4 protein chains.
Amino acid sequence: MNPSVIALLHGPDQPGIVAKVATWIHQCGGNVLHADQHLDRQGNVFFQRVEWEVSASREPKQESDDFVSFVRDELDMRVRIGLSTDRPKVAVMVSKADHCFHDLVLRVRAGEWNADFVGILSNHDDLQSVSENYGLPFYHLPMTEGKKQDVEGKQITWLREQGVELVILARYMQVLSPSFLKQVGCPVINIHHSFLPSFAGARPYHQAYQRGVKLIGATAHYVTEDLDEGPIIEQDVARVSHRHGPKDLIEKGRDLEKLVLSTAVRRHLQNRVLDYQNKTVVFD
Amino acid sequence: MNPSVIALLHGPDQPGIVAKVATWIHQCGGNVLHADQHLDRQGNVFFQRVEWEVSASREPKQESDDFVSFVRDELDMRVRIGLSTDRPKVAVMVSKADHCFHDLVLRVRAGEWNADFVGILSNHDDLQSVSENYGLPFYHLPMTEGKKQDVEGKQITWLREQGVELVILARYMQVLSPSFLKQVGCPVINIHHSFLPSFAGARPYHQAYQRGVKLIGATAHYVTEDLDEGPIIEQDVARVSHRHGPKDLIEKGRDLEKLVLSTAVRRHLQNRVLDYQNKTVVFD
Amino acid sequence: MNPSVIALLHGPDQPGIVAKVATWIHQCGGNVLHADQHLDRQGNVFFQRVEWEVSASREPKQESDDFVSFVRDELDMRVRIGLSTDRPKVAVMVSKADHCFHDLVLRVRAGEWNADFVGILSNHDDLQSVSENYGLPFYHLPMTEGKKQDVEGKQITWLREQGVELVILARYMQVLSPSFLKQVGCPVINIHHSFLPSFAGARPYHQAYQRGVKLIGATAHYVTEDLDEGPIIEQDVARVSHRHGPKDLIEKGRDLEKLVLSTAVRRHLQNRVLDYQNKTVVFD
Amino acid sequence: MNPSVIALLHGPDQPGIVAKVATWIHQCGGNVLHADQHLDRQGNVFFQRVEWEVSASREPKQESDDFVSFVRDELDMRVRIGLSTDRPKVAVMVSKADHCFHDLVLRVRAGEWNADFVGILSNHDDLQSVSENYGLPFYHLPMTEGKKQDVEGKQITWLREQGVELVILARYMQVLSPSFLKQVGCPVINIHHSFLPSFAGARPYHQAYQRGVKLIGATAHYVTEDLDEGPIIEQDVARVSHRHGPKDLIEKGRDLEKLVLSTAVRRHLQNRVLDYQNKTVVFD
């Protein structure tokens, strides 16, 4: 099987988009494997994810470049593109908790995802030796008062040097500054340990215990300048009862956080997620 | 099988409660069918639900009265009591939506619950004919501006005359006043169409759509003076996607509301719910 | 908004299907609202559901007829077609249990589905008066030994006279003969009260209790000659424990059966289900 | 807080068991932390899990020995006992798949469970180096034709030398012989990669794909001589669609297997599971 191109398009709806896209691919000798679309009738915005096998006579990188030009010039829409052979470079930021860290690394090692983990950034050194055991460079930058700007500068420099295309906050306990987010140059996915918008902010399991909810949740979202307010990619919940104290919720929550974060990362890496007006369109 | 007594106890923990309760029952010739307990270590409060079959030689009502005296006098705890043969009187308050209404009534008719529905209160007359088709008295009191105190007074009078022991708000779209809640003299269970504390207040499905959540929820709770802040009895969620507009969420939510409200009512009627410090202990 | 056409296509994969279909629609002035497709790589079979708004200048029925001709003649594929304005005629077959019956009828009355229920067929008369209260003709044909062929003949005659386009078995406790299935001339959806293929056959809740499973399930499927072996449309499960005896499983299962059957019927009525080689493709 | 004793009792129901147990504990100065019971009315069998804090003046091991004598002599029931300070010795048997293996080991290292993993047994050497990286002895015994009896003999010898109290089959792809099970002298928990009793035997994900189910499952159970027929401890499911081929089911199933197996092991280690007549009573 030849490599395939995956394109995510969106823009104002107009007659014949589907036909034009499909015809373009067909004329290049491509074979559509999947195509899914969504029309937001409130905003009249058209979204599409289309994946096609490139003809053996065409060079995949060239085909994807040509497609981008076609979409921009003839459809006047925005497009993001990937190849089935891509292996994006990913960095993981952690603090002390290690459950999401292990989960992500083991998935990459098991071959679940086409991605390369290039290293771990942390404000603590707790996970240094396990990172290095996995063969992953560990970059420790302690975050002391007044040093945030300096530390973030070094993080940005490192991320750029590595050519990182996705940053995952795997229970990283620092807020990223607007300046960091402007400079990072790639999407940042965070896992929040509550069912947002419930219990935004600190110590969500303690808040959940206090309110006496019967389900706890976790939420993976793209990070924006508004803390815990970015576009939600995935959420899930688990049942709890009066028997569960805050410590039990924290332990139960770990499994939830692992599953929700890994589901969000998988969808992102498979080019299934479009964010638009602070929400996501997820093509499953 | 003889009738059984179900007791819900709570109070400060003290040595030997379990032994004293079990011994009392044994000495009366009772046979414990279920016993479940919970110790809230933070507040050092002991909770128990115990159900026992009454000896054929004892009168069940007398046994339950004696047990109440025993718990109050010798254990200095609070107790609520029921008999397996009880059929509490229930009133349902509705506005225009009928899905929870039909669901509740059909469950009683199917014999799922030991309860008698004595009538329907409403601020609209939309459900009058279906109520009467079910053989249920329908009491229509339009709620016009400035008449709330008057209408609530009539509702309270009617509820008392009927001897109502549980009020269910089945998508009743009026806020009950503190005065109503003080006078009603029995628990009131409400269904809120969101996963509280997310999206309290009005139009929760529109709020959920706006935020782009990936799960919608419903919450059944005891009504207190603080709107949408009462002790939660049950919650559940359903998965949604970018394809679902507000209208779809409302339709999908109906099934959720029916299930969550009926689960909460079932647990209440089976004497499985203790509320304490704005949370519930639910003995499943 | 104009009426839309919904088409379900399938057949051997070939280059350019997506482009040809989209171009045909575009040339008729149609506007694609949804399009979803699936390629079964093992069998090299292509499946598509496409829905488009018909141009105001075209007559929807004519457009759908023309599309059928186009697909058959130019793509050599099989196609099933519906209009957004269709209201298919549905018959429900019941025995004594009424939970699915009420659930289905109330959904139609609430306007959840575009369908007309034309009547109820039953081998018992238990649900006669509730059917008639809903304004639904009730056709009672007792099934006594040796009369099956005769009864089924009358059922077929009635279904044809009514022009029924979908039969729902809402806990109908008789096996339909191969002869009935050959003659009925429309799909038949059944709800089986277990998580098939576990516990096929009779008394599945008793079988589940005996095996000590921790989840019970329900399965909605198209009926074929092989009992409980037809293509599965939808399944779901609910958690149970050692505390639940067979009677509890039956009661808990009722909610599951209602939800699973109604989900399957909704999908079928929205033309989202293709069956192929004893499995279904469900376009959500 | 002093150590606590956890006792699991079962036997024929008789008047006053609950009172006798509670009184015995109270007289020893113990404080009941949890007590849960179940009465199987069909078999008239009483089950109880009771946990109590031992008086500071008593030695926990002595208290538990005395309790065992009391239950046997005065109640004539069977009892299993544990201390909150116990750290049972656990062995894990694996073949080539590593997802459950990593999951279990990381949970122990994170302090989720009170248990000591004493080593890994395998018929392949694939997981040797990762085991040793975790500091876990790895005992590799290749299983070639005709050597089963010999290999199992060595496994039994090793398990006994280590004093193993629980064996976990973490996707161990060999059937244990009746002789092994007779000699192992401790419970064996297995994870089966289907929703039993559906798809027992080999290649369950391929069977599930073939049948077109809409949910896949996993089942953790105690191993008995009847393959895949032992008492079920935990089950769970995940939603799949026509888009998922056998390979996708296998990948999706990995998360399910990890969760279901770890839940079962946690419950077992917390002395929450009683098996009786090929079913389990799980006190949550």
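First, a word on what this report is: a plain description of the structure on this page. What you are looking at is a predicted structure, and each value in this text was computed from that prediction instead of being measured.

Topic: the pattern of salt bridges
Per the counting criterion, the structure on display carries 84 salt bridges over all chains. In this structure, Asp-236 of chain C engages Arg-239 of chain D in a salt bridge whose closest nitrogen and oxygen atoms are separated by 3.7 Å. In this pair, Asp-236 of chain C is assigned in strand 11 (residues 232-239) and Arg-239 of chain D in strand 11 (residues 232-239), connecting two distinct chains. Residue class for Arg-239 of chain D comes out partly exposed when judged on its relative accessible area of 38%. Within this structure, Asp-103, Arg-107, Glu-112 and Arg-266 of chain A together with Glu-251, Arg-254, Asp-255 and Lys-258 of chain D form a network of salt bridges that share partners.

Remarks on the sheet that holds strand 7 (residues 138-140) of chain A
All names here are of chain A. Taken in spatial order, the seven strands line up as 7-6-5-8-9-10-11 in an open sheet, and their pairing is mixed. The sheet is open, and its two edges are formed by strand 7 and strand 11 (232-239), each paired on a single side. Taken pair by pair, the neighbouring strands of this sheet meet at an average axis angle of 20°, ignoring direction. Sheet topology note: the strand 10 (residues 215-222)/strand 11 ladder contains seven bridges and is antiparallel. Residue pairing for strand 11: Ile-216 is matched across the bridge by Ala-238.

Digging into the sheet that holds strand 7 (residues 138-140) of chain C
All names here are of chain C. Taken in spatial order, the seven strands line up as 7-6-5-8-9-10-11 in an open sheet, and their pairing is mixed. The sheet is open, and its two edges are formed by strand 7 and strand 11, each paired on a single side. Across the sheet, the mean angle from the axis of one strand to that of its neighbour is 20°, orientation sign disregarded. Bridging between strand 5 (residues 89-94) and strand 8 (residues 166-169) involves four bridges; their strand directions are parallel.

Observations concerning the relation of the copies chain C and chain D
Superposing chain C onto chain D takes a rotation of 180° combined with a translation of 0.0 Å along the rotation axis, leaving an RMSD of 0.0 Å. Look at the turn and shift together and you get a two-fold axis relating the two. Of the C-alpha atoms belonging to chain C, the one lying closest to the rotation axis is found on Ser-198 of chain C, 2.4 Å away. Same-surface contact between copies: 100% of interface residues of chain C are shared with the interface of chain D.

Let's talk about the interface of chain B and chain A
Listed as interface residues are 36 residues of chain B and, on the opposing side, 36 residues of chain A. Both sides together, the interface formed by chain B and chain A hides about 3,100 Å², and carbon and sulfur atoms give 47% of it. Three residues, Arg-211, Lys-214 and His-242 of chain B, lead the burial of chain B against chain A; their summed loss comes to 23% of the area buried on that side. On the surface where chain B and chain A come into contact, there are eight salt bridges. The tally of links between chain B and chain A comes to 25 residue pairs in polar contact (both at pLDDT 80 or more). Contributing elements (two or more residues each) for the side of chain B that touches chain A: strand 2 (31-40), helix 7 (204-211), strand 11 (232-239) and strand 13 (279-282) of chain B. Ranked by residue count, the leading element in the side of chain B that touches chain A is strand 11 of chain B, at seven residues. The residue inventory of the side of chain B that touches chain A, partitioned by class, reads 14 nonpolar, 11 polar and 11 charged.

Details of the relation of the copies chain B and chain A
Its rotation angle being 180°, the transformation that places chain B on chain A also includes 0.0 Å of axial translation and leaves an RMSD of 0.0 Å. The overlap is high: 100% of the interface residues of chain B also sit at the interface in chain A, so the same surface is used on both sides.

Observations concerning the pairing of strand 13 (residues 279-282) of chain D
All names here are of chain D. Burial of the side chains of strand 13 extends over both faces: Lys-279 and Val-281 are buried on one face and Thr-280 and Val-282 on the other. Of the pairings in the sheet, the one linking strand 12 (residues 273-276) to strand 13 comprises four bridges and is antiparallel in character. Bridge pairing in strand 13 places Leu-274 opposite Val-281. In this antiparallel pair of consecutive strands, strand 12 and strand 13, the connection spans two residues, and Gln-277 shows a positive phi of 50°.

Reading guide: rules and limits
Residues numbered from 1 in each chain as written. Chains lettered and ligands numbered in written order. Predicted model: local features only at pLDDT ≥ 70, side-chain atom pairs only at ≥ 80, totals over all residues. Heavy atoms only, no water. Salt bridge = Lys/Arg side-chain N within 4 Å of Asp/Glu carboxyl O. Helix = DSSP H or I, 4+ residues; strand = E, 2+ residues; numbered from the N terminus. Buried < 20%, exposed > 50% of the residue type's maximum accessible area, 1.4 Å probe, protein only. Pairing = 2+ DSSP bridges. Axes fitted to C-alpha atoms, helices over the stretch in contact; angles between N-to-C directions. Least-squares fit on C-alpha atoms with pLDDT ≥ 70 in both. Contact = heavy atoms within 4.5 Å. Buried area = accessible area lost by both parts, 1.4 Å probe. Polar contact = N/O pair within 3.5 Å; in protein donor to acceptor, adjacent residues only side chain to side chain. Nonpolar A, V, L, I, M, F, W, Y, C, P; charged D, E, K, R; others polar.

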